[in-house]
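Here's the letter readout for the chains.
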Amino acid sequence: QVQLVESGGGLVHAGGSLRLSCAASGRTFSSYAMGWFRQAPGKEREFVTAISLSGGNTYYADSVKGRFTISRDNAKNTVYLQMNSLKPEDTAIYYCAADLYGSASYFKAYEYDYWGQGTQVTVSS
């Protein structure tokens, strides 16, 4: 069992930055690929980014590529999402998720075994 707790969301002006954190419980954090998804009001949950077990591979949705950076610290059981050059369309609830051993379908929400409660990110224009 893994529990995920996100933090770092908030209100920011367009062009600003935020850093989200997701702290995981348990001693097997390094066995999980980690992902970030987001859901805006009235829209489906969408893939944002993912990182492999060791952190050697990262994947991004086209909409955030070049602006967002995912990283992980397995010693701290934490995954991070650095978000720069934020746009109003980035406004959403951001969720972190854990996928045991990872998979090629890292962009599919159904692949993930555990989810956090989400943190709100609001970008004003």
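Keep in mind it's a predicted model, so treat the numbers as computed, not measured.

K.L.:
So, the nonpolar core: which residues are in play, and what are the values?
P.N.:
Generally speaking, a soluble globular protein has its nonpolar side chains buried in company with each other. Counting residues in each nonpolar core, the largest one holds 33 residues, and the members touching the most others are Leu4, Met34, Trp36, Phe68, Val79, Met83 and Tyr94. Elements with a contribution of two residues or more to this core: β3 (18–24), β4 (32–39), β5 (46–51), β7 (68–73), β8 (78–83), β9 (92–100) and β11 (119–124). Here the element with the most residues in this core is β9; it accounts for five residues. Not counting residues up to four positions away in its chain, the partners in contact with methionine 83 are Gly16, Ser17, Leu18, Leu20, Arg67, Phe68, Tyr94 and Val121.

K.L.:
Any chance you could break down unusual backbone geometry for me, citing the residues and the numbers?
P.N.:
Unusually for a residue other than glycine, asparagine 77 sits at a positive phi of about 55 degrees. In this structure, asparagine 77 sits in the loop between β7 and β8. With a phi close to 70 degrees, tyrosine 101 is a non-glycine residue in the positive phi region. Secondary-structure assignment places tyrosine 101 in the loop between β9 and β10 (114–115). Among the residues examined, tyrosine 101 registers a relative accessible area of 59% and is labelled exposed.

K.L.:
Break down the packing of aromatic side chains for me, with residues and values.
P.N.:
Under the criterion given, the structure shown has eight aromatic pairs. Members of the aromatic cluster, each reached through a chain of ring pairs, are Phe37, Phe47, Tyr59, Tyr106, Phe107, Tyr112 and Trp115. Across from the ring centre of tyrosine 95, 3.9 Å away, lies the NZ or CZ of arginine 45, which sits over that ring. Above the plane of the ring of phenylalanine 29 lies arginine 72, whose end atom (NZ or CZ) is 4.5 Å from the centre.

K.L.:
Describe the pairing of β4, and please don't skip the residues or the numbers.
P.N.:
Most of β4 sits out of view: seven of its eight residues are buried. Relative to β9, β4 runs antiparallel, the two being bridged by eight bridges. Following the sheet pairing, tyrosine 32 is matched in β9 by leucine 100. Taken together, the five bridges between β4 and β5 define a ladder with antiparallel strand orientation. Counted as the bridge partner of arginine 38 is glutamate 46 from β5.

K.L.:
Hey, could you go over the state of the cysteines for me, with residue numbers and the actual values?
P.N.:
Tallied over the entire structure, the rule returns one disulfide. A sulfur-sulfur distance of 1.9 Å marks the disulfide that ties cysteine 22 to cysteine 96. Across the S-S bond linking cysteine 22 and cysteine 96, the dihedral sits near 45 degrees, which makes this disulfide right-handed. Of the two residues, cysteine 22 is situated in strand β3 and cysteine 96 in strand β9; the sequence distance between them amounts to 74 residues. By the burial criterion, cysteine 22 is buried, and cysteine 96 matches it.

K.L.:
I'd like a rundown of the sheet that holds β3, residues and numbers included.
P.N.:
Read from one edge to the other, the open sheet built from four strands follows the order β1-β3-β8-β7, with strand pairing classed as antiparallel. Two strands in the sheet have a free side with no partner beyond their single neighbour: β1 (4–7) and β7. Direction aside, neighbouring strands of the sheet carry axes that sit 15 degrees apart on average. Examined bridge by bridge, β3 and β8 share six bridges and lie antiparallel to one another. Counted as the bridge partner of leucine 20 is leucine 81 from β8.

Criteria and thresholds
Residues numbered from 1 in each chain as written. Predicted model: local features only at pLDDT ≥ 70, side-chain atom pairs only at ≥ 80, totals over all residues. Heavy atoms only, no water. Core = buried A, V, L, I, M, F, W, Y, C linked by side-chain atoms within 4.5 Å. Buried < 20%, exposed > 50% of the residue type's maximum accessible area, 1.4 Å probe, protein only. Helix = DSSP H or I, 4+ residues; strand = E, 2+ residues; numbered from the N terminus. Contact = heavy atoms within 4.5 Å. Phe/Tyr/Trp six-rings, centres within 6.5 Å; stacked < 30°, edge-to-face > 60°. Lys NZ or Arg CZ within 6 Å of the ring centre and 35° of its normal. Pairing = 2+ DSSP bridges. Disulfide = S-S within 2.5 Å. Axes fitted to C-alpha atoms, helices over the stretch in contact; angles between N-to-C directions.

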